[in-house]
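# Structure assessment
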Amino acid sequence: MKREKISIEGMSCGHCVMAIENALGKLPGISDVRVDLKTNSADVEFDDTAISINQIFDEIDNQGYNARR
Ligand SMILES: [Cu+2]
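Just so you know, these numbers come straight off a predicted model, no measurement behind them.

This brings us to unusual backbone geometry. Residue Asn40 is not a glycine yet carries a positive backbone phi of 50 degrees. With respect to the helices and strands, the residue Asn40 is situated in the loop between β2 (30–36) and β3 (41–46). Owing to 16 C-beta atoms within 10 Å, Asn40 belongs among the partly exposed residues under this scheme.

The structure is reproduced here in structure tokens:
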């Protein structure tokens, strides 16, 4: 398991937090996701043999936010 903190731009409310948590939670290989609106970041725990950090960034972007690499 790997844990990464990802900076996210474009979140404005609790709905944004839920949208990202739900979307990432559905991806295979992700075991824990916590999005924090105050710090504009996500703390993600994942199995890096099942999913790459770039796929996680892409999913955040697909939801309409901007994951900063
Ligand atoms: Cu929102």
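What follows continues from the structure just given.
This part takes up the environment of Ser31. Its location among the elements puts Ser31 in strand β2. In sequence terms Ser31 and Ile8 are 23 residues apart; their C-alpha atoms lie 19 Å from each other. Setting aside residues up to four positions removed in sequence, Ser31 forms contacts with Met1, Glu45, Phe46 and Asp47.

The next thing to look at is the nonpolar core. Core analysis: the biggest nonpolar cluster contains 14 residues, and Ile8, Ile20, Ala42 and Val44 have the highest contact counts within it. Among the elements that take part in this core, β3 stands out by supplying three residues, more than any other. Excluding anything up to four places from it in sequence, Val44 contacts Glu4, Ile6, Leu24, Ile30, Val33 and Ile56.

What counts and what doesn't
Residues numbered from 1 in each chain as written. Predicted model: local features only at pLDDT ≥ 70, side-chain atom pairs only at ≥ 80, totals over all residues. Helix = DSSP H or I, 4+ residues; strand = E, 2+ residues; numbered from the N terminus. Buried ≥ 20, exposed ≤ 12 C-beta atoms within 10 Å, placed from the backbone. Contact = placed C-beta atoms within 7 Å. Core = buried A, V, L, I, M, F, W, Y, C linked by C-beta atoms within 7 Å.

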